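Breakdown of the fold
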Amino acid sequence: MNVTLTRRHALMGALAVAAAGTATACGSSSGAGNTDAKTINLLTSSDPKIVNNVKRVLGPGFTRRTGITVKIEQAGPAWTEVDTRLQADLTAGHRPDVALVGINSVRTYADSKLAQPLDALMTQAKFDASQYSSALLNVGKYGGRTMGLPYSVSTLVLYLNVEVLRKAGLDPDRAPATFSELKTYATKIVSSKAARYGVAWAYSTDSNWALQAMLDSAGGSMMDPAEKHVTVNGQPMVRLLQYWRDLVQDGISTVTASADLTAAFLRGDIGMMLQSSSQSTAVAAGASFPIRTDVLPVPDGGRRRTPPGGGSAVIFARDEKVRRSAWKVVQELIGPAGQTQLVKTSGYTSVNQQALTDPRYLGNLLRKEPLRAAGVAEIKTLVPWYQFPGAHAAEAQKQLQDAVVAAMSGTKPVQRALDDAAQSISGLLLR
């Protein structure tokens, strides 16, 4: 059954208050007669992979070239902690000029009319849209307007233990392309005792990110396009979870959290894993056996669609001069030099295509680090990471996550678990 929504719930109270209370806020002040603001306040995660690169890219060199000084404020390391900090700051009347937020949070700030559209800034001659895939530029579009641009991107890819596949009599140079092939490979790995488990993914700890990648590729959805119905209990999701539930029941897959999944793969306990592309450098460094990666296998009859994880740049400044300076900051972060700095010191995939091909930047990256290739290939199949509407989006995601765990562990039959989730999510969004 589909659960019908009769109305769309209002956005977070704190954000609504902030949007109303700071409607005339100007962000950083700019001197009279200046073309652009000279100081920009930026809020970011304190994750070293993010903040250290932001500091390097927007440091003294950037200031010398642009005349803009960037004051960096840090929230906690998790993207959810950036949201918490932002809501507190906005409620208190402090609006950052630009912030790096979780990619799936951009919608919250777009719907609350706090994020400022970027399209007018992007039409400026100095912005070269050809450096970015059209799929990537669409990730932050809501209501036909660009509300955020991805900065740090990861996607769900397939990691393969080459030794395990060879021991099982499988060709590691031909990765499974469909879920039927994935099951065949995984079953053969277990039956040949090449590894304890054939394949696994971290369904209990990833905020439904990996789940959505598989669901979107199967042609399913969290809600219908008009967002009048919750569709998490539709047949695409039921078939998807039943597929994985059967693999667990048959001992071909296992229940695991994200960190445990990677550790088990590196021990050789799991022959293949669906994991974030951002872990490619860590996996390469920690492995004692040859590894290869490939793009996400597609549910039979589906088409590959890959929502990105990571962070996006959002401009909050309302003053035109401040926005222009904030846009220069965003361009620096997503430009070839900014992305080169990020990619070289993390496992993230470059959002800038020029950086990947230009020898001045990352031109030989894939030759040196072939495990990154799958993540790079999936940039062209990016789709937005879906965020439920309204103030209770995070709670709705948690309800779905709990249902997935119940279905996969056998606590509830798959259909019942998803029906219960659809009912609960509808209640949350109607609250």
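Residues numbered from 1 in each chain as written. Predicted model: local features only at pLDDT ≥ 70, side-chain atom pairs only at ≥ 80, totals over all residues. Heavy atoms only, no water.

1. Here's the deal with the overall build of the chain
Applicable threshold: Strands here are runs of E lasting at least two residues and helices are runs of H or I lasting at least four, both read from the DSSP assignment and numbered beginning at the N terminus. Taken over C-alpha atoms, the radius of gyration is set against a globule rule of 2.2 Å times the number of residues to the power 0.38. Contact definition: two residues touch when any of their heavy atoms are within 4.5 Å. Reported accessibility uses the Shrake-Rupley method at a 1.4 Å probe radius. Residues are deemed covered only where the shown protein chains occlude them.
From N to C terminus, the chain includes 20 helices and 13 strands. For 431 residues, the compact-globule formula gives about 22 Å, and the C-alpha radius of gyration of the chain, at 22 Å, lands near that figure. Taking the principal axes of the C-alpha coordinates as reference, the chain spans close to 75 × 55 × 30 Å. A separation threshold of at least 6 residues defines the contact pool for the chain, and within that pool the share at least 24 residues apart is 77%. As presented, the chain carries roughly 17000 Å² of accessible surface, and 51% of it is formed by carbon and sulfur atoms.

2. Considering the packing of aromatic side chains
Cut-off, in case you're wondering: Each pair of aromatic rings taken from Phe, Tyr and Trp, with Trp reduced to its six-membered ring, is defined by centres within 6.5 Å and is described as stacked if the planes are under 30 degrees apart, edge-to-face if over 60, and tilted in the remaining cases. Classification of residues uses two cut-offs on accessible area relative to the type maximum, computed with a 1.4 Å probe and protein chains only: under 20% is buried, over 50% is exposed, and between them is partly exposed.
Here the structure, examined in full by the defined rule, presents eleven aromatic pairs. Relative to Phe-388, the ring of Tyr-386 has its centre 5.5 Å away and its plane inclined at 85°; by these criteria the two rings are edge-to-face. On the accessibility criterion, Tyr-386 (19% relative accessible area) is buried. For Phe-388, a relative accessible area of 2% translates into the label buried. A connected cluster of aromatic rings, assembled from ring pairs, spans Phe-179, Trp-201, Tyr-203, Tyr-243 and Trp-244.

3. Observations concerning the environment of Arg-267
Examined against the element boundaries, Arg-267 turns out to sit in helix α12 (residues 258-267). A relative accessible area of 57% places Arg-267 in the exposed class. Between the alpha carbons of Arg-267 and Val-383 there is a distance of 33 Å; along the sequence they are 116 residues apart.

Purely geometric numbers; function is a separate question.
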